[in-house]
Amino acid sequence: MSETATLSGLVDGLRRDKRRGPYASHREYVHTAWAVHEEAGRLLDAGHAALVAPELRKAVERITTALMYMDDSSGMAGDVLRELTGMYARTLTAAPPKNPKTLANWIAKALFDGPGWPDIRLAVFTAALGDVGQAHLADMVDTRAADVALKDSWGTVYGVRHLREQLAEVSGDTDQYVAVLAKFLNRP
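Since this is a predicted model, take the numbers as computed values, not measurements. (Residues numbered from 1 in each chain as written. Predicted model: local features only at pLDDT ≥ 70, side-chain atom pairs only at ≥ 80, totals over all residues. Heavy atoms only, no water.)

Peer 1: Even after reading the chapter, I still don't get the pattern of salt bridges, so can you show me in this structure?
Peer 2: Proximity of charged atoms lets side chains of opposite charge pair with each other. Taken as a whole and judged by the stated rule, the model has 11 salt bridges. D12 is paired through a salt bridge with R15; the nearest N and O atoms lie 4.0 Å apart. Since its relative accessible area comes to 56%, R15 is described here as exposed. The partner of E169 in a salt bridge is R121, and the shortest N-O contact between them spans 3.7 Å. With E169 in helix α7 (residues 154-171) and R121 in the loop between α5 (100-113) and α6 (122-146), this pair connects stretches of sequence that are 48 residues apart. (Salt bridge = Lys/Arg side-chain N within 4 Å of Asp/Glu carboxyl O. Buried < 20%, exposed > 50% of the residue type's maximum accessible area, 1.4 Å probe, protein only. Helix = DSSP H or I, 4+ residues; strand = E, 2+ residues; numbered from the N terminus.)

Take a look at the structure:
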C-alpha cells in the first residue's frame, strides 16, 4: 500500500455530484475535507511533499467545483479550502514543481476563469514559482490585459489588477509596487 493511498481515498470523497441538493451532506463533506488536511499534514511531516502535492491540488480543485453547487453560507467549506490552498503552497515550496510555468498557468486560470475562489495569495507560492514562473505569470497577465474582447469583463479587470498588485508586491521593488498601487487609488 503506498504512502498516499489513504489521502487519495479521502480526496476521492471530495467529488460532489452537482445534481445533489445544495444542503445535502454538507457536514460530511466538510469533515472529509478536514480529514484530507489532517492526512496531508501527516504525510508532509513524514517528508512526502512530492507525493502530497498532486493530491492537494486535486482536493483544492474538487472543493472549488463543489462550492459552485453547495450552500456554504456557514463558510465551513470555504475555511478548509483556504487552509488546503495554503498547505498546497507550502507543499510546493518543499517540493518545487519541475515546470513552474504549469503552476503559473493554474494560478492564472483560477483567478481569470474560476468562480472567484480559492483566494490565491501569490506570496505563499513565490518560492515554488521562482523567477521563471513569476515571469510567465506576468506575461499572462499582460496578455489578458491587452485582450480587447475581455476588457469589459469584471473578472478579467479584477484578475489583472489583483495579480499585478501581487506580482509587484513579491518582486521586492518598492517603486514598482507603489506605481502599480497608484493606478487604483479607490481604497486606503
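Peer 1: Honestly, the packing of aromatic side chains in this entry has me stumped. Any pointers?
Peer 2: The description of two aromatic rings rests on the distance between their centres and on the angle between their planes. Evaluation of the coordinates by the stated rule reveals 3 aromatic pairs. Ring centres of Y88 and F125 lie 6.0 Å apart, and the angle between their planes is 65 degrees; on these two criteria the pair is classed as edge-to-face. With Y88 in helix α4 (residues 76-94) and F125 in helix α6, this residue pair connects regions lying 37 residues apart in the sequence. Taking the relative accessible area as the measure of exposure, Y88 reaches 4% and is therefore buried. (Phe/Tyr/Trp six-rings, centres within 6.5 Å; stacked < 30°, edge-to-face > 60°.)

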